[in-house]
Amino acid sequence: MTGQELLESFNKSFGEKIQYQTEFRNETTFTIPASDLREIAKFCRDELLFDYLLDVTSIDNFGEEPRFEIVYHLYSMPHGVHLRLKLKVSEDVSAVDTVSDVWPTANWHEREIYDMMGIKFNGHPDLRRILMWDGYPYFPLRKDFPLEGLPSEMPDVAFTKVTPMEGGPFVTIPSTAGSKDREPRARPPGL
Amino acid sequence: MRVQPGILPSNMAEQRSTAYDSKIEGNVIFTRFDAALNWVHKNSLWPMPMGLACCAIELMATAASRFDIARFGAEVMRFSPRQCDVMIVAGTVTYKMALAVKRIYEQMPEPKWVIAMGACASTGGMYRSYAVLQGIDQLLPVDVYISGCPPRPEALLAGLMKLQEKISSEHAFRDQKPALVEKLEDALA
């Protein structure tokens with residue numbers, strides 16, 4: 001089965017549910033409704049043999065409605081085909097069904113999204129923070145969260161202070177000097 | 001070095017003459033207690049390798065044969081804080097890790113020292129962000145800061161030598177037993 005055939009069988013089963021479809025460098029992206037995620041995920045795994053969930057990521061389109069977007073990167077080992085599923089989540093809902101029972105690797109990816117974006121996953125077996133500590137009150141990857149952080153106080157757990165941003169935010173300027181000139185060597189060339 | 005047990009003020013006068021006794025000359029050394037203690041401390045610093053990021057790679061290189069931290073008596077990396085003298089904080093300290101670092105420091109027995117190795121441990125380095133502690137000196141008393149990102153092994157060795165210098169100038173005995181020191185000095189005078 002080729003990528004084209006996979007697409008056709010996907011369209012046959014869920015054609016009317018695809019909100020948006022785009023292709024970039026032979027990789028297809030479907031935007032699907034959040035309510036059909038689990039059904040589509042199971043179909044992709046069992047019928048189309050997308051047996052490998054590469055990554056789950058989230059996007060904060062701050063100022064737009066719906067605000068959040070979640071992206072599932074799928075790969076089929078038997079066919080060697082990539083597929084991307086996108087779905088939109090509004091800030092009021094801020095919750096999606098879990099796919100951690102479909103692809104076990106989604107467990108920690110979903111925890112990371114919950115930790116960084118504050119989107120909950122219904123039916124997740126262990127939805128705790130994974131990078132920040134339990135009790136941290138913010139979701140730091142949201143666009144309205146400042147890079148230098150907000151102070152937080154959690155007695156016996158942890159704390160954060162606002163980091164100094166003097167002279168920042170910092171922008172890199174391309175240098176015209178070659179790396180040889182920029183980075184002096186302990187041992188000069190020719191020795 | 002042989003240290004004579006039970007140095008008492010009453011027989012101090014006799015002991016002063018022992019240096020001129022030809023039978024034991026060369027086997028007995030007179031020094032200040034603090035100097036002897038510092039000498040012992042500074043030449044056998046057992047590091048706690050608090051390797052948190054890429055600086056730890058340079059720390060490992062320092063311990064390996066090419067740079068050989070054993071030349072300075074600090075080759076015994078201990079992974080139990082109970083057996084350590086100096087904590088080398090090598091790497092980025094995140095807020096989540098910070099309290100673990102502090103706890104390990106508190107578990108180390110006195111006397112203890114801290115080396116902040118590299119930009120991140122000293123000031124947060126390039127990580128001006130919500131997740132990173134802006135310098136381990138906000139939690140621990142740091143003795144030596146080493147610049148670099150990461151510092152070369154020579155820089156770590158230089159930092160270690162700075163710490164040895166600092167230890168040489170300590171006077172723990174004088175601070176902790178001032179009455180006894182006064183008594184000894186009176187006896188010697």
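Residues numbered from 1 in each chain as written. Chains lettered and ligands numbered in written order. Predicted model: local features only at pLDDT ≥ 70, side-chain atom pairs only at ≥ 80, totals over all residues.

### Points about the overall build of chain B
Looking only at helices and strands, chain B has 8 helices and 4 strands in total. For chain B, the succession of helices and strands along the chain, N to C, is α-α-β-α-β-α-β-α-β-α-α-α. A buried classification covers 30% of the 189 residues belonging to chain B. Once local pairs closer than 6 in sequence are excluded, the contacts in chain B between residues at least 24 apart make up 78%. (Helix = DSSP H or I, 4+ residues; strand = E, 2+ residues; numbered from the N terminus. Buried ≥ 20, exposed ≤ 12 C-beta atoms within 10 Å, placed from the backbone. Contact = placed C-beta atoms within 7 Å.)

### A closer look at the domain arrangement of chain A
Residues and elements named next belong to chain A. Taken domain by domain, chain A comprises domain 1 (3-131) and domain 2 (138-165). One C-alpha centre belongs to domain 1, the other to domain 2, and the line joining them spans 29 Å. Across the boundary between the two partners, domain 1 contributes 5 residues, which contact 6 residues of domain 2. Partitioning the side of domain 1 that touches domain 2 into residue classes produces 3 nonpolar, 1 polar and 1 charged. (Domains from an automatic or database assignment. Nonpolar A, V, L, I, M, F, W, Y, C, P; charged D, E, K, R; others polar.)

### Considering the nonpolar core
Of all hydrophobic cores here, the largest spans 38 residues; its most connected members are Met87, Ile88, Val89, Ile115 and Met117 of chain B. For this core, the secondary structure elements donating two or more residues are strand S1 (47-51), helix H3 (55-63), strand S2 (86-90), helix H4 (95-107), strand S3 (113-117), helix H5 (118-123), strand S4 (144-146) and helix H6 (153-168) of chain B. Setting aside residues no more than four positions away along its own chain, methionine 87 of chain B makes contact with Met48, Met50, Tyr105, Met108, Lys112 and Val114 of chain B. Core analysis: the next-biggest nonpolar cluster, separate from the first, contains 30 residues, Leu53, Leu74, Val96 and Met116 of chain A among them. (Core = buried A, V, L, I, M, F, W, Y, C linked by C-beta atoms within 7 Å.)

### Some remarks on H6 of chain B
Residue and element names in this part refer to chain B. Compared with the 22 Å implied by 1.5 Å per residue over 16 residues, the 23 Å span of H6 between its first and last C-alpha is a close match. Looking only at H6, the buried set comprises Leu156, Gly159, Leu160, Leu163, Gln164 and Ile167. When H6 is viewed along its axis, its buried side chains cluster within an angular range of 145 degrees and face the same direction. Buried residues in H6 make contact with helix H2 (33-42), H3, S2, S3 and S4. (Expected span 1.5 Å × (residues − 1). Arc of directions from axis to C-beta.)

### A look at the interface of chain A and chain B
Of the residues lining the interface, 13 residues belong to chain A; the matching set on chain B comes to 8 residues. Each residue belonging to the side of chain A that touches chain B can be placed in one class, and the counts come to 8 nonpolar, 4 polar and 1 charged.

### What to know about the sheet that holds S3 of chain B
Residues and elements named next belong to chain B. Taken in spatial order, the 4 strands make up an open sheet running S1-S2-S3-S4, and their pairing is parallel. Every interior strand has two partners, whereas the edge strands, S1 and S4, have only one. Each adjacent strand pair in this sheet contributes to an overall mean axis angle of 15 degrees, direction not counted. When S3 meets S4, the two strands line up parallel, connected through 3 bridges. Looking across to S4, one finds that alanine 116 is bridged to tyrosine 145. Against the sheet, H6 contacts S2, S3 and S4, and its axis sits at roughly 165 degrees relative to S4. (Pairing = 2+ DSSP bridges. Axes fitted to C-alpha atoms, helices over the stretch in contact; angles between N-to-C directions.)

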